[in-house]
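An overview of the molecular structure
Below are the chains, spelled out letter by letter.
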Amino acid sequence: MAGLIGAPLTVARCLALQAAWSYERMQGVGMAWASEPALRRLFGHDPDRYRAALGRSASFFNANPFLAPTAVGAFLRAEADEMPPAQVERLRTALSGPLGALGDRLYWTGVVPALSGMAVCGVALGAGWWPVLALLLVHNGTRLWLSHWLLRLGWTHGPMVGVAMTASPLSGAATLAAIVATVVGTAAPLLVTVSALENGSLADWGLVAAVALAAVGFRWLRGRRASALKFTLAASVVAILWHLGRA
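Residues numbered from 1 in each chain as written. Predicted model: local features only at pLDDT ≥ 70, side-chain atom pairs only at ≥ 80, totals over all residues. Heavy atoms only, no water.

1. Re the nonpolar core
Within the largest apolar cluster, 43 residues are counted, with the highest numbers of intra-cluster contacts made by L67, L99, L106 and M165. Those elements that provide at least two residues to this core are α2 (8–15), α3 (28–43), α4 (47–57), α5 (69–80), α6 (85–124), α7 (130–157), α8 (161–167) and α9 (170–196). Take this core: its biggest share by element is nine residues, from α6. Excluding anything up to four places from it in sequence, L67 contacts L99, L102, G103, L106, L146, L150 and M165. Of all hydrophobic cores here, the second largest spans five residues; its members include C121, A124, A188 and L191. (Core = buried A, V, L, I, M, F, W, Y, C linked by side-chain atoms within 4.5 Å. Buried < 20%, exposed > 50% of the residue type's maximum accessible area, 1.4 Å probe, protein only. Helix = DSSP H or I, 4+ residues; strand = E, 2+ residues; numbered from the N terminus. Contact = heavy atoms within 4.5 Å.)

2. Some details on α7
With 28 residues, α7 should reach 40 Å at 1.5 Å per residue; the first-to-last C-alpha distance of 40 Å fits that figure. Positioned one or two residues after α7, G158 has a phi angle of 55°, which is positive. (Expected span 1.5 Å × (residues − 1).)

3. A look at the environment of G122
Residue position: G122 is located in helix α6. In sequence terms G122 and L191 are 69 residues apart; their C-alpha atoms lie 9.3 Å from each other. Filtering out sequence-adjacent residues up to four positions away, G122 remains in contact with A127 and P131.

4. Things to note about the packing of aromatic side chains
As enumerated under the stated definition, the model contains four aromatic pairs in all. An angle of 5° between the planes, with centres 3.8 Å apart, marks the rings of F66 and Y107 as stacked. With F66 in the loop between α4 and α5 and Y107 in helix α6, this residue pair connects regions lying 41 residues apart in the sequence. When sorted by exposure, F66 lands in the same class as Y107, which is buried. The positively charged end of R92 is found above the aromatic ring belonging to F75, 5.6 Å away from the centroid. The lysine or arginine in question, R143, covers the ring of F66, its NZ or CZ lying 4.5 Å from the ring centre. (Phe/Tyr/Trp six-rings, centres within 6.5 Å; stacked < 30°, edge-to-face > 60°. Lys NZ or Arg CZ within 6 Å of the ring centre and 35° of its normal.)

5. Some details on α5
For α5, with 12 residues, the first-to-last C-alpha span of 16 Å sits near the 16 Å given by 1.5 Å per residue. In terms of burial, α5 is largely enclosed, as 10 of its 12 residues are buried. Looking at the residues trailing α5, positive phi occurs at E82, about 60°.

6. Digging into the layout of surface pockets
A volume near 260 Å³ is recorded for the largest pocket. If you go around the largest pocket, you meet 16 residues; those closest to its centre are L106, Y107, V111, T142 and A173. Elements represented by at least two residues in the lining of the largest pocket include exactly α6, α7 and α9. In terms of residue count, the dominant contributor to the lining of the largest pocket is α6 (six residues). Tallied by class, residues from the lining of the largest pocket come to 13 nonpolar, three polar and no charged. (1 Å grid on protein atoms, 1.4 Å probe; cavity = no way out; pocket = protein on both sides within 12 Å on 5 of 7 lines; lining within 4 Å. Points joined across faces, edges and corners; volume = space filled by probe spheres on them. Nonpolar A, V, L, I, M, F, W, Y, C, P; charged D, E, K, R; others polar.)

7. Describing the pattern of salt bridges
Across all of its chains, the model carries six salt bridges by this definition. One salt bridge connects E79 with R56, and the closest N-O pair in it is separated by 2.8 Å. One end of the pair, E79, is in helix α5; the other, R56, is in helix α4, and 23 residues separate them in sequence. Accessibility assignment for this pair places E79 and R56 in one class, buried. Notably, a salt bridge pairs R77 with D81, separated by 3.1 Å at the nearest N-O pair. Residue D81 is classed as partly exposed on the basis of its relative accessible area, which comes to 45%. (Salt bridge = Lys/Arg side-chain N within 4 Å of Asp/Glu carboxyl O.)

Structure (structure tokens):
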């Protein structure tokens, strides 16, 4: 059974989970499309059961798309274990909120702005377009690996996957990614400004380091209420005023 959930086709379909997004079902149709190969292997011998399970998989579901493979794996395990349909629906509903909240923290306020900021910093430091290529490779490679891992996590733990998610390192990774995003998101516009100056002095580079460290300290004091986006916008204003003052 483990080989069923680890099938490359199921993982690949999870990457396009939102391709059929709609206001009526949100990611429901995408969930059904991702689950279909496994459901066919599970219930292909029983057309009625296959159609019923596929219909349930297409019902309303909404979570962060990066962590949604967890729900796909848990749903498939619940169907394979012949859980009552009402319990399967409750499981999907119960997973929506936690996967949405943790996924948004991990990716939208952590990994994505952190990798984007690193790429901008790399270009500003004279690395050409290689940082952009690295951004694409790391982001997509990480998502591919994480989709596979989350799919197996959901399949292995089934209805208890929420407990497994709590015990996993994802929450700590989200916090770390947010801190990194704060640092590089603050430093990026300043580095761009310094690189635009013909002869950036030691004081210029010192200011970049000082502002980045100040952002880390402020975020530590303010906690999650101080997002990377706010620091990036503030640093951009500082960079513009600084550049105008040097013009």
